[in-house]
Amino acid sequence: MDPLWATVAEFWWIGPSVIGAGAAGWFGLRQERAARLRRIELDAARGELKAARRDAASARVALRVARTELARVQAERATGRASNADTAAARKNLERTQREAKAAAATVRVRRAHVDAARTALPAAATDPAALPLARLMAAHDEVTARWMAYETDPARLIAFPAMTDAREPLTAHFLAAQRAARELRPASPQARITATQFTAYRDAVLRETRAFEAAEADAWRRARAAGDMPSTPREGDPDAAAPSALSQWSTAAQGFAQGLAQTVIARSAEVIARASAARAASAPPSPPASADPPPRSDPAAQRDPAPRDPAAQPDRTAQPDRTPGPDRTAPPAQAPSRVWPVPSRTQRPPGS
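Below or above, wherever it landed, is the structure these notes cover. (Residues numbered from 1 in each chain as written. Predicted model: local features only at pLDDT ≥ 70, side-chain atom pairs only at ≥ 80, totals over all residues. Heavy atoms only, no water.)

## Topic: the overall build of the protein chain
The test is simple: Each helix corresponds to a stretch of at least 4 residues labelled H or I by DSSP, and each strand to a stretch of at least 2 residues labelled E; elements are numbered beginning at the N terminus. By definition in these notes, contact holds between two residues if any of their heavy atoms fall within 4.5 Å. Where accessible areas are quoted, they stem from the Shrake-Rupley method and a 1.4 Å probe; at the residue level, only the protein chains shown are allowed to cover.
Check the secondary structure of the protein chain and you find 9 helices and 0 strands. Secondary structure of the protein chain in N-to-C order comes out as α-α-α-α-α-α-α-α-α. A sequence separation of at least 24 residues applies to 67% of the contacts in the protein chain between residues at least 6 apart. Of the roughly 27000 Å² of accessible surface on the protein chain, a fraction of 59% belongs to carbon and sulfur atoms.

This is the structure:
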């Protein structure tokens, strides 16, 4: 046999093994990339939480150092080697470090809440690619750009709001700078391979651009109202419409809570009254059946006479009444004939006449 074919027959399994290993590796990399795209927001939140914890630890160390420094200055002041100004400066430094430590602790709590929110919003494996975190962030970036382009391309808006296209305006210049920074950090596509740090930087840049655009837009609308190009009173939904204050939001929430509580109390009270009425009706004794014959009436004369009477003399009340037909009792009784008096006479009449 030819040595070449003998070698192929001996090592034929190498080719399928290499092809299978390559296919498995390609599928593994694809799954790993999809998982990274799904978890990139959660990974970014965890990275921010770690950084916040490091900052909080540094703030606690600085606070201990400030307390020690204040104690040292107070001791030196007792010996006359430090002045009141040194003590005031040390106390002021301690107050500043205390505020920084509290702010760092609050930041840790906020970052922990962000991690919980990102974990809750973690998309499933079969999620639409447009619903992935990076794709949603790029869509939000495109929305801000489209809102700004409406002022650039619409002639009516270009005339009514000239400040939105004037780079000499401070708010517009700030927006354009934030837009430039977000554009530089924008990935090439929603499926691009970026790290959690790059995602965080791009997300923060888009957030700064959005805030700068909203501030510039509200200022442009206020100027247009002052110039008379727009109605003087802002309507709900306008960029310069005042957002509801925290006090009004709290009052609305409290009013809704009070209304709900009152309705719940009324419903529970009605339910308790209904249950009590049902229980009382169930526990009441049954009423005796109504008799066809009316009860015998008591004799007032018998009540006035306490002496016992002869039972034989009393009429038998159990005896049935006489059912023999007789004269109609309802007819009026017959009147007795009137008596005729004799006419007086001078002669004597015999008796009986």
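## Some points on the environment of M230
Secondary-structure assignment places M230 in the loop between α7 (196–227) and α8 (246–283). M230 sits 69 residues away from F161 along the chain, and the two C-alpha atoms are 9.9 Å apart. Residues within four places of M230 in sequence aside, it is in contact with F161, W221, A224 and R225.

## With respect to the nonpolar core
So the rule is basically this: The term nonpolar core refers to a set of buried residues drawn from Ala, Val, Leu, Ile, Met, Phe, Trp, Tyr and Cys, joined through side-chain atoms within 4.5 Å. The buried label goes to any residue with under 20% of its type's maximum accessible area, the exposed label to any with over 50%, and the partly exposed label to all in between, with areas taken from a 1.4 Å probe on protein chains only.
Residues L94, V108 and V115 are the most contacted members of the largest nonpolar core, which totals 18 residues. Those elements that place two or more of their residues in this core are α2 (14–79) and α3 (84–120). Of the residues forming this core, the biggest block, 10 residues, is contributed by α2. Every residue in contact with V115, bar those within four places of it in the chain, is listed here: L42, A45, R46 and L49. By size, the runner-up hydrophobic cluster in this structure holds 16 residues, among which are Y151, A163, M164 and F175.

## Observations concerning the packing of helix α4 (residues 133–153) against α7
Formally: Lines fitted to C-alpha atoms define the axes here, with helix axes fitted over just the stretch in contact, and angles between the N-to-C directions of these axes take values from 0 to 180 degrees. Any angle from 65 to 115 degrees is called roughly perpendicular, while one under 35 is roughly parallel, one over 145 is roughly antiparallel, and all others are oblique. Helix crossings get a hand from a simple test, with the near helix turned counterclockwise from the far one by less than a right angle marking a left-handed crossing and a clockwise turn marking a right-handed one. Residues were grouped as follows: Ala, Val, Leu, Ile, Met, Phe, Trp, Tyr, Cys and Pro as nonpolar; Asp, Glu, Lys and Arg as charged; and all remaining residues, including Gly, as polar.
One way to put it is that α4 packs onto α7 with a least axis distance of 10 Å and a crossing angle of 25°. One way to sum up the angle between α4 and α7 is to call them roughly parallel. Handedness of the crossing formed by α4 with α7: left-handed. Counting all contacts with α4, which are made through P133, L134, L137, M138, H141, V144, T145, R147, W148 and Y151, the residues of α7 involved are F199, Y202, R203, V206, E209, T210, F213, E214, E217 and W221. Taken together, the residues that form the contact of α4 with α7 break down as 12 nonpolar, 3 polar and 5 charged.

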